[in-house]
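# Residue-level structural notes
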Amino acid sequence: MSEIFPELPYVKYEGNETKNLLSFKYYNPKEKIKGQSMEEILRFSVAYWHSFCNNGSDPFGAGTLTKPWDGIEDPLKHAQKKAEGAFEFMDKLGVNYFCFHDRDIAPAGKSLKESNHNLDTIKEVVKKLMEEKKIKLLWGTANLFEHPRYANGAATSNNSEVFAYAAAQVKKALEVTNYLEGKNYVFWGGREGYETLLNTNMSLEQDNLARFFSMAVDHAEKIGFNGQFLIEPKPMEPTKHQYDFDIANVLSFLRKYDLDDYFKVNIEANHATLAGHTFQHELRLARINNSLGSIDINQGDPQLGWDTDQFPSNIYMTTLAMYEILNNGGISPGGLNFDAKVRRSSIEPIDIMYGHILGMDTYARGLKIANELIKDRALENFIKERYKSYDKGLGLRIKDGKEDFDSLEKYVLDQYTENKKDSGRQEMLELILNQYIFETR
Ligand code: XUL
Ligand code: CO
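In what follows, the accompanying structure is described. (Residues numbered from 1 in each chain as written. Chains lettered and ligands numbered in written order. Predicted model: local features only at pLDDT ≥ 70, side-chain atom pairs only at ≥ 80, totals over all residues. Heavy atoms only, no water.)

Our next topic: the overall build of the protein chain. Tallying secondary structure elements over the protein chain gives 16 helices and 12 strands in all. Taken over C-alpha atoms, the radius of gyration comes to 24 Å for the protein chain, in line with the 22 Å a tight globule of 441 residues would show. Expressed as lengths along the three principal axes of its C-alpha atoms, the size of the protein chain is roughly 85 × 60 × 45 Å. By residue count, 49% of the 441 residues in the protein chain fall in the buried class. For the protein chain, long-range pairs separated by at least 24 residues make up 75% of all intrachain contacts whose partners lie at least 6 apart in sequence. As presented, the protein chain carries roughly 22000 Å² of accessible surface, and 51% of it is formed by carbon and sulfur atoms. Looking at the protein chain, you have 54 positive and 65 negative side-chain charges, and the mean spots of the two groups are 4 Å apart. (Helix = DSSP H or I, 4+ residues; strand = E, 2+ residues; numbered from the N terminus. Rg over C-alpha atoms; globule rule 2.2 N^0.38 Å. Buried < 20%, exposed > 50% of the residue type's maximum accessible area, 1.4 Å probe, protein only. Contact = heavy atoms within 4.5 Å. Areas by Shrake-Rupley, 256 points an atom, 1.4 Å probe, with all protein chains shown as cover. Lys, Arg positive; Asp, Glu negative; His and termini not counted. Charge placed at Lys NZ, Arg CZ, Asp CG, Glu CD.)

Our focus in this paragraph is the layout of surface pockets. Each pocket or cavity is described by its volume, and for the second largest pocket that value is around 760 Å³. Considering the residues around the second largest pocket, the lining is formed by 21 residues, among which Lys-388, Ser-389, Thr-417, Asn-419 and Asp-422 are closest to the centre. Among the elements of the structure, helix H13 (380-386), helix H14 (393-399) and helix H15 (405-415) are those that each provide at least two residues to the lining of the second largest pocket. Of the residues belonging to the lining of the second largest pocket, the class tally is 7 nonpolar, 6 polar and 8 charged. (1 Å grid on protein atoms, 1.4 Å probe; cavity = no way out; pocket = protein on both sides within 12 Å on 5 of 7 lines; lining within 4 Å. Points joined across faces, edges and corners; volume = space filled by probe spheres on them. Nonpolar A, V, L, I, M, F, W, Y, C, P; charged D, E, K, R; others polar.)

Each aromatic ring pair is summarised here by two numbers: the centre-to-centre distance and the angle between the ring planes. According to the stated counting rule, one finds 26 aromatic pairs in the structure shown. Judged by centre distance (5.6 Å) and plane angle (75°), the rings of Phe-52 and Phe-89 are edge-to-face. Of the two residues, Phe-52 is situated in helix H2 (residues 48-53) and Phe-89 in helix H3 (residues 75-93); the sequence distance between them amounts to 37 residues. Of the two residues examined, Phe-52 and Phe-89, each falls in the buried class. When the ring of Tyr-185 is compared with that of Phe-229, the centres are 6.1 Å apart and the planes differ by 75°; the resulting orientation is edge-to-face. Note that Tyr-185 is positioned in strand S6 (residues 184-188) and Phe-229 in strand S8 (residues 228-232), a separation of 44 residues in sequence. (Phe/Tyr/Trp six-rings, centres within 6.5 Å; stacked < 30°, edge-to-face > 60°.)

This brings us to unusual backbone geometry. Cis geometry is found at the peptide bond from Glu-237 to Pro-238, where omega equals 5°. Tracing the sequence through the fold places Pro-238 in the loop between S8 and strand S9 (241-242). Look at the link from Ser-332 to Pro-333: it is a cis peptide, with omega at 10°. A positive phi angle, close to 55°, is found at Lys-134, a residue other than glycine. Within the secondary structure, Lys-134 sits in the loop between helix H5 (112-133) and strand S5 (136-141). Taking the relative accessible area as the measure of exposure, Lys-134 reaches 65% and is therefore exposed. Positive phi is not limited to glycine here, since Asn-290 has a value of about 55°.

Right, let's get into the coordination of the cobalt ion (ligand 2). Protein coordination of the cobalt ion (ligand 2) is provided by Glu-232 (OE), Glu-268 (OE), Asp-296 (OD) and Asp-339 (OD), with donor distances spanning 1.9 to 2.1 Å. For the cobalt ion (ligand 2), the 6 donor atoms are set out with angles of 80 to 171° between them, so the coordination reads as octahedral. For the cobalt ion (ligand 2), the donor residues sit on a single chain with the sequence spacing E-x35-E-x27-D-x42-D. Of this pair, Glu-268 sits in strand S10 (residues 263-268) while Asp-296 sits in strand S11 (residues 292-297), and the two are 28 residues apart along the sequence. For Glu-268, a relative accessible area of 1% puts it in the buried group. For Asp-296, a relative accessible area of 0% translates into the label buried. (Donors = N, O, S within 2.8 Å, 3.2 Å for Na, K, Ca; no water. Tetrahedral: all angles 85-135°; square planar, octahedral: opposite > 155°, others 65-115°.)

Every residue close to ligand 1 is listed here: Trp-49, His-101, Trp-139, Trp-188, Glu-232, Lys-234, Glu-268, His-271, Asp-296, Asp-307 and Asp-339. One of the side-chain N or O atoms of Lys-234 is found 2.9 Å from an oxygen atom in ligand 1. Burial of ligand 1 by the protein chains amounts to 93% of its free accessible area of 290 Å². Of the residues assigned to the shell around ligand 1, the class counts are 3 nonpolar, 2 polar and 6 charged. (Near = heavy atom within 4 Å. Polar contact = N/O pair within 3.5 Å; in protein donor to acceptor, adjacent residues only side chain to side chain.)

Core analysis: the largest hydrophobic core is formed by 115 residues, its most contacted members being Ile-295 and Tyr-363. At 12 residues, the largest contribution of residues to this core is made by helix H12 (residues 349-375). Ignoring anything within four residues of it in the chain, the contact list for Ile-295 reads Asn-266, Ile-267, Phe-279, Leu-283, Ile-325, Ile-331, Gly-335, Leu-336, Asn-337 and Tyr-363. Judged by nonpolar contacts, the second largest core, of 8 residues, contains Trp-49, Leu-138, Trp-139 and Leu-230. (Core = buried A, V, L, I, M, F, W, Y, C linked by side-chain atoms within 4.5 Å.)

Distances and angles like these do not, on their own, reveal function.
As structure tokens, then:
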């Protein structure tokens, strides 16, 4: 079969001496780190929607990015050629996973029946390509935000018929994900939120969202889907307030509705910063709550302040993200999904390849630096020392639940001494972090 992207090469690891920009300088898939290969640790995934569906349109102007399948009028032939192009691209890039929304791989029809038929046709094409190129499905999801019926939300719509439609759509997306042996299934709350509380029954909407998630869990059991369910928090966009605002919010929601055994989180870098957190903060909070499932890698633009979904290039962010992931014991069955797109003026397919290479190398380098930081206990030793008052005596008794307000008051009255030598040493620690970033080989 002739190539769909003849201008795109197979991207290989060439080491950091090379001048070839279409090669990896740091991402060496087979290189071992703590007994595991880089590809096994990083589990990179390409996002079907950004790389193969996005045409670069924005609220101010039409699409700018052209694709070899543009202009094919028959929607199924269009979807088939897109799938062939997608798998050729991913094969050339050397990633092992991809992610999709139902409507990315197969077009919506005029009815649910027609949409489902389209999905059933294209899932066979995708399955064959997956086998041929040895690329696996990291996660599937349903697009519950694009169609006008979802203007007021899907599971949190005021209209029960829309709730029903969303359920039917997720049922199918879950079945297709299962058929393609997806490792996870993601719920990003597309329009699950509100525009104004003046028209909103927040309590009913949140209860309904929980009912919806329970139905998904039940259906997964029915069809034998063993993948991990993930919720992807985002504070705003498209709604003014999204219910899955951030990790803290999602964890409390899951606990309230007894869903915490069934769901972990898919954390997106740009969503974290939109919520006013660092990416590392969200990863840490999920990690210490045993809820870190998968991540969407990208970055925002601090001056713009919206979900710009740029390819990750910030080595501080990737180092600290990998620091959390390594301390989590890895991310599998999740992975690092490129929820990232090229700028509207980067108009050629090769720009999408540059974007992925940029991100993969920045994460591979971050992985190596984080591994060194952990190996040398460069931060851990300081932290351990900083909290040593909880290792014995009073602190240990507090930890063990052996103290109360009376006993603590007595302690302070009898024995308390001001501790004046307790610097947090932030600047020194930032110096150490920089040393590792500059000097790790
Ligand atoms: C939107 C977003 C989505 C989800 C999948 O901000 O991140 O692409 O990752 O629905
Ligand atoms: Co995302």
